[in-house]
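Structural characterization, general
What follows is each chain in one-letter form.
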Amino acid sequence: MVPFSKKITWLVLAALMVMPLTLSAQKKVQITAHRGYWKSEKTKDAENSIASLKLAQKEKLWGSEFDVHLTADNVIVVNHNGDIEGIKIHENPFSAFKDIRLKNGEKVPTLDSYLKQGAKSNTVLVLEIKSQDNDARSIQLADLCIQKLIDHKLYDPSRVIFISFSLAACKHLAVVAPEFTNQYLNGELSPDQLKEFGINGLDYNTKVFKKHPEWVSRAHELGMSVNVWTVNKEEDIKQMIELGVDCITTNEPLLVRKLLNGNEIKSK
Ligand code: MG
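Summary of the structure given here. (Residues numbered from 1 in each chain as written. Predicted model: local features only at pLDDT ≥ 70, side-chain atom pairs only at ≥ 80, totals over all residues. Heavy atoms only, no water.)

What to know about the pattern of salt bridges
Scanning the model with the defined rule gives 13 salt bridges in all. Measuring nitrogen to oxygen at the nearest pair gives 3.1 Å for the salt bridge that ties E59 to R257. Of the two residues, E59 is situated in the loop between α2 (50-58) and β2 (63-70) and R257 in helix α10 (residues 253-260); the sequence distance between them amounts to 198 residues. Owing to a relative accessible area of 23%, E59 belongs among the partly exposed residues under this scheme. Taking the relative accessible area as the measure of exposure, R257 reaches 17% and is therefore buried. With its nearest N and O atoms 2.8 Å apart, the salt bridge here joins E264 to R257. Across the pair, exposure class does not vary: E264 and R257 are buried alike. (Salt bridge = Lys/Arg side-chain N within 4 Å of Asp/Glu carboxyl O. Helix = DSSP H or I, 4+ residues; strand = E, 2+ residues; numbered from the N terminus. Buried < 20%, exposed > 50% of the residue type's maximum accessible area, 1.4 Å probe, protein only.)

Considering the coordination of the magnesium ion
By definition of the ideal shapes, four donors in a tetrahedron about a metal sit 109.5 degrees apart, and six donors in an octahedron sit 90 or 180 degrees apart. In the first shell of the magnesium ion, the protein supplies E65 (OE), D67 (OD) and E128 (OE), at 2.0 to 2.1 Å from the metal. Under the relative-accessibility criterion, E65 is labelled buried at 2%. Using a relative accessible area of 0% as the deciding quantity, one classes D67 as buried. (Donors = N, O, S within 2.8 Å, 3.2 Å for Na, K, Ca; no water.)

Description of helix α4 (residues 135-151)
The first and last C-alpha atoms of α4 sit 24 Å apart over 17 residues, in line with the 24 Å expected at 1.5 Å per residue. Every buried residue of α4 is accounted for by R137, S138, L141, A142, C145, I146 and L149. Those residues of α4 hidden inside the fold are in contact with β2, β3 (76-78), α3 (111-118), β6 (124-129), β7 (160-164) and α5 (167-176). Where α4 begins, the capping side chain belongs to N134, and its oxygen is found 3.2 Å from the backbone nitrogen of A136. Within two residues after α4, K153 carries a phi angle of roughly 55 degrees, on the positive side. (Expected span 1.5 Å × (residues − 1). Contact = heavy atoms within 4.5 Å. Polar contact = N/O pair within 3.5 Å; in protein donor to acceptor, adjacent residues only side chain to side chain.)

Notes on the side chain of E65
Take E65: it is sitting in strand β2. No salt bridge forms around the buried E65; measuring N to O, its nearest opposite-charge neighbour R35 is 5.1 Å away. Excluding residues within four positions of it along the chain, E65 makes contact with T32, A33, H34, R35, G36, N48, V126, E128 and I163. (Lys, Arg positive; Asp, Glu negative; His and termini not counted.)

Quick look at unusual backbone geometry
A negative phi angle is the norm for most residues apart from glycine, just as the trans form is the norm for most peptide bonds. Positive phi outside glycine occurs at D45, with the angle close to 60 degrees. Looking at the secondary structure, you find D45 in the loop between β1 (29-33) and α2. In this structure, K60 takes a positive phi of about 60 degrees despite not being glycine. For K60, the position within the fold is in the loop between α2 and β2. For K60, a relative accessible area of 40% translates into the label partly exposed.

Here we look at the pairing of strand β9 (residues 201-205)
Counting buried positions along β9 gives four out of five residues, so the element sits mostly inside the fold. By the bridge criterion, two bridges tie strand β8 (residues 182-184) to β9 in an arrangement that is parallel. Across the sheet, the residue bridging to Y184 is L202, located in β9. For the segment spanning β8, helix α6 (residues 191-196) and β9, crossover handedness is right-handed. (Pairing = 2+ DSSP bridges. Right-handed = clockwise from strand over helix to strand, strands pointing away.)

Considerations on the nonpolar core
One finds L194, L202, Y204, F209 and I248 to be the most contacted residues of the largest nonpolar core, which totals 30 residues. When residues of this core are traced back to their parent elements, those giving at least two are β1, α2, β9, α7 (206-211), α8 (214-221), β10 (225-229), α9 (234-243) and α10. With near-sequence residues (within four places) excluded, Y204 lies in contact with Y184, L185, N186, G187, E188, L189, L194, F209, W215, N227, V228 and W229. Membership of the second largest hydrophobic core comes to 25 residues, among which are L53, I129, L149 and F180. (Core = buried A, V, L, I, M, F, W, Y, C linked by side-chain atoms within 4.5 Å.)

Right under this line is the structure:
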């Protein structure tokens, strides 16, 4: 018969062996709604609408992502593509878009109207600076966004993060707003390369992390944040959770919530 004290020793050893696995599996993850939480009856599937931001806030999601472009007369509008109903945003004044309605009947949101709603809860605003016609214009858009955040009292790294496919915009943000999370989207640069540019985060497509799973731990070693887009399938969500990303950007926030099984960082 095994003495009681030995049994205890074995139990403690077994617990210590299991503990690191349990701890890594329990890492808490942020969920960001991609273009807001738009996939719902309540929003009539209107992406980048104020309603989609409101729903993300109501669900207490950690973050709500949205895209911005600059009109020819320097109004910042919230829209994914560079055109709205075929009218190019960069080449036209804001007045060209004032009569256009989203699927749910809303006007095309300006950054002002978006930030007004954004200020009403602590869901983090994940602000994507869309690449403009040239680097100078992308940098101008980044600067105008910063001014708007100041105007709306949202110039706060705990309330807003920046993401962009424009390397020029990310490099610029690293200089003018270094205290903010600033994640590069395009996927071709390693964490070490981004770090050299002063960029402190990466937000890459699922395919990139499948090809370079080591970039997640390397980014963490360098003190960088890791976000992934746009993760909608159950097997991909599980794989990204396993990899240890910090944030999952998704069109299916409630599915990610379910799979995280309580290990979710919600908005405060
Ligand atoms: Mg986007």
